[in-house]
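# Descriptive analysis of the structure
What follows is each chain in one-letter form.
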Amino acid sequence: MTSAPPLDDVAPTWPSVLTIDHGALAENWRRLDALSGDAETAAVVKANAYGLGVDPVAKTFLSVGCRTFFVATLPEAIALRALLGDTVTIYALNGLTPDTEATYAANAVRPVLSSFDQTVAWADFCRKTGTKLPAAIHVDTGMSRLGFDADDLTRASADDRLSEAFDLALVMTHPACADDADDPMTREQLAAFAASRARLPSAPASFANSAAIIAHPGSQFDLVRPGIALYGGRAVNDQPNPMANVVTLHARILQIRNVPEETPVGYGATYRTRRPSRLATVATGYADGFIRGGGAAGDGRPALAYITDQPAPIVGRVSMDLIILDITDIPDEYVRVGSWVELFGSRTTIDDLADHAGTIGYEILTRLGTRCHRRHVGRPKEA
Ligand SMILES: *Cc1c(COP(=O)(O)O)cnc(C)c1O
């Protein structure tokens, strides 16, 4: 969406550049907000904003009106509080670990309480300090991961003093199968969520991740928690992705060589050229977070990189620091040593690459390491 200066100008010394389009980030938050009706639209920025860089990314969401943020861990929450100041609400999803109550309170971070015991610990801390602090309760409706189970619910509903001790600001659950628009499990989880809420003190509710926002209208409740869709990833399978592309990964060509037919390429010689070929070696590998399964094992279905508008298949295994492209069909004037290659972006998307490698776009993003330069373009002025 946003146009940006040439890579040679911004990254003369870097082997690879991840461009993060903040115009697209802002647009995606607005689109999800529009899809969510009256519900508040939060932003999930755990894992360094899915690998993109939480500092600039969270500020962009703040600038478009986001006021509630979710991270996974307490350290992530503390860093976010320092970054965004005290006007926003921050939840840490992974629950209350022993002896962290005072740290939560000091940083105004709301724990997402995952068990009755955690809830008692929070209530005790509130009584002891004479403060009625906010927290969320997470109920498990089908993930078997975090959240109240049936026993926790029974204990909580029998304890009518609990809700007086602290401020129950949110009751939430997490859908397991919302990425499949037709999976009956989402309906079953919505029913289980309603039953759970009936046994807890009344509070605002939250169910929807990105997939539920897009594929399950009626799951929005009071607050929605999108993550991957904000970052342009595909949240719902088997339907067009309605989000704007956010990330583009470029890397430089280090060397170009001409080889005869039947030349082995890369570790394990898993690929052999089928004709006299021209190969380009590119400065990115799995140590940069480029997924090793993104390479071709000679099955004839390689992932495509792009040099300007010219497609170039990845051949051979992805190495730690390098990838090899077949550029035989690309006219010479498009390719030279030092040229930038687009490894993913709006053409080969993170989801195309994930499909190729047998994983999901989330993993493609969160694996991206620190060896590529992160270039944030189109940042809003106030961010
Ligand atoms: C990660 C996470 C989200 C965001 O999920 P997406 O699929 O990325 O939208 C929402 N809620 C919880 C509890 C999560 O762990």
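Look above for the structure.
In this report, the structure presented in the accompanying data block is examined.

The rules behind each value
Residues numbered from 1 in each chain as written. Predicted model: local features only at pLDDT ≥ 70, side-chain atom pairs only at ≥ 80, totals over all residues. Heavy atoms only, no water. Salt bridge = Lys/Arg side-chain N within 4 Å of Asp/Glu carboxyl O. Helix = DSSP H or I, 4+ residues; strand = E, 2+ residues; numbered from the N terminus. Buried < 20%, exposed > 50% of the residue type's maximum accessible area, 1.4 Å probe, protein only. Near = heavy atom within 4 Å. Polar contact = N/O pair within 3.5 Å; in protein donor to acceptor, adjacent residues only side chain to side chain. Areas by Shrake-Rupley, 256 points an atom, 1.4 Å probe, with all protein chains shown as cover. Patch = residues over 30% accessible without salt bridge, like charges linked within 9 Å, V, L, I, M, F, W, Y side chains within 5 Å. Lys, Arg positive; Asp, Glu negative; His and termini not counted. Charge placed at Lys NZ, Arg CZ, Asp CG, Glu CD. Phe/Tyr/Trp six-rings, centres within 6.5 Å; stacked < 30°, edge-to-face > 60°. Core = buried A, V, L, I, M, F, W, Y, C linked by side-chain atoms within 4.5 Å. Contact = heavy atoms within 4.5 Å. Pairing = 2+ DSSP bridges. Right-handed = clockwise from strand over helix to strand, strands pointing away.

## A word on the pattern of salt bridges
Applying the stated criterion across every chain, the model contains 12 salt bridges. Between Asp117 and Arg155 there is a salt bridge; the shortest N-O distance is 3.0 Å. Of the two residues, Asp117 is situated in helix α7 (residues 116-129) and Arg155 in helix α8 (residues 150-157); the sequence distance between them amounts to 38 residues. We note a salt bridge from Arg275 to Asp326, for which the minimum N-O separation is 3.6 Å. Taken together, the positions of Arg275 in the loop between β13 (271-272) and β14 (277-282) and Asp326 in strand β17 (residues 323-326) put the pair 51 residues apart, joining distant regions of the chain. Taking the relative accessible area as the measure of exposure, Asp326 reaches 7% and is therefore buried. Here the residues in one salt-bridge network are Glu27, Arg30 and Arg31, joined through shared partners.

## Some details on the site of the ligand
Inspection of the region around the ligand gives 14 residues, with Lys46, Tyr50, Ser210, Ile228 and Tyr362 positioned closest. Between the ligand and Tyr50, the relevant distance is 2.5 Å, taken from an oxygen atom to a side-chain nitrogen or oxygen of the residue. Between the ligand and the protein, one listed contact pairs an oxygen atom with a backbone N or O atom of Ile228 at 2.8 Å. Out of a free accessible area of 390 Å², the ligand has 92% covered by protein chains.

## What to know about a negative patch on the surface
On the surface, Asp179, Asp180, Asp182 and Asp238 cluster together to form a negatively charged patch. By the secondary structure assignment, Asp179 is in the loop between β8 (167-172) and α10 (185-198).

## Thoughts on the packing of aromatic side chains
In the structure shown here, the tally under the stated rule is 9 aromatic pairs. The rings of Tyr50, Phe61, Tyr231 and Tyr362 are connected pair by pair, giving a single aromatic cluster.

## Comments concerning the nonpolar core
Grouped together as the largest cluster of nonpolar side chains are 111 residues, with contacts concentrated most on Val45, Phe61, Phe69, Phe166, Tyr231 and Leu325. With near-sequence residues (within four places) excluded, Phe61 lies in contact with Leu25, Trp29, Ala43, Val45, Cys66, Phe69, Leu230 and Tyr231. Counting 6 residues, the second largest nonpolar core, distinct from the first, contains Val259, Val265, Leu279 and Ile324.

## Re the pairing of strand β7 (residues 134-138)
Every regular strand shows the same layout, with side chains that alternate between the two sheet faces. Summarising burial for β7: 4 of the 5 residues are buried, a large majority. With 2 bridges joining them, strand β6 (residues 109-113) and β7 adopt parallel strand pairing. Among the inter-strand pairings, Leu113 is bridged to a residue of β7, identified as Ile137. The parallel pair β6 and β7, bridged by α7, forms a crossover whose chirality is right-handed. The pairing of β7 with β8 spans 5 bridges and is classified as parallel. Following the sheet pairing, His138 is matched in β8 by Met172.

## Describing the environment of Glu40
On the secondary structure map, Glu40 appears in strand β2 (residues 40-41). On the basis of relative accessibility, which here comes to 33%, the residue Glu40 falls in the partly exposed class. Counting along the chain gives 28 residues from Glu40 to Thr68, while the straight-line C-alpha distance between them is 8.3 Å. When near neighbours in sequence (up to four residues on either side) are disregarded, Glu40 contacts Arg67, Thr68, Asp222, Leu223 and Val224.

## What about helix α4 (residues 54-63)?
Looking only at α4, the buried set comprises Val54, Pro56, Val57, Ala58, Thr60 and Phe61. Looking at the buried positions of α4, the neighbouring elements they touch are α2 (22-35), β3 (43-44), α3 (46-50), β4 (68-71), α5 (74-84) and β19 (373-377). Phi turns positive one or two residues past the end of α4, at Gly65, with a value near 115°.

## Describing the pairing of strand β11 (residues 247-259)
Two strands pair when backbone bridges link them, and strand β1 (residues 16-21) and β11 are joined in this way by 5 bridges, in the antiparallel orientation. Counterpart to Val17 in the pairing with β11 is His250. Alignment of β11 against strand β18 (residues 340-344), held across 4 bridges, turns out to be antiparallel. Paired with Leu249 across the bridge in β18 is Phe344. Note: β11 against β14, 6 bridges, orientation antiparallel. Across the sheet, residue Val259 finds its bridge partner in β14, namely Ser277.

## Observations regarding the side chain of Arg225
Turning to its location among the elements, Arg225 is positioned in the loop between β10 (223-224) and β11. For Arg225, which is buried and forms no salt bridge, the nearest opposite charge comes from Asp140, at a distance of 11 Å. Residues within four places of Arg225 in sequence aside, it is in contact with Val44, Phe70, Met172, Thr173, His174, Pro175, Ser206, Phe207, Ala208, Asn209 and Ser210.

## Quick word on the environment of Phe166
Mapped onto the fold, Phe166 is located in the loop between α9 (162-165) and β8. Of the residues examined, Phe166 reaches a relative accessible area of 2% and is grouped as buried. In the structure, Phe166 is positioned 176 residues away from Glu342 in sequence and 51 Å away in space, judged by C-alpha atoms. Look past the residues within four positions of Phe166 in its chain and what remains in contact with it is Leu113, Thr119, Trp122, Ala123, Cys126, Lys132, Leu133, Ala135 and Ile137.

Scope: geometric values only; no functional claims are made or implied.
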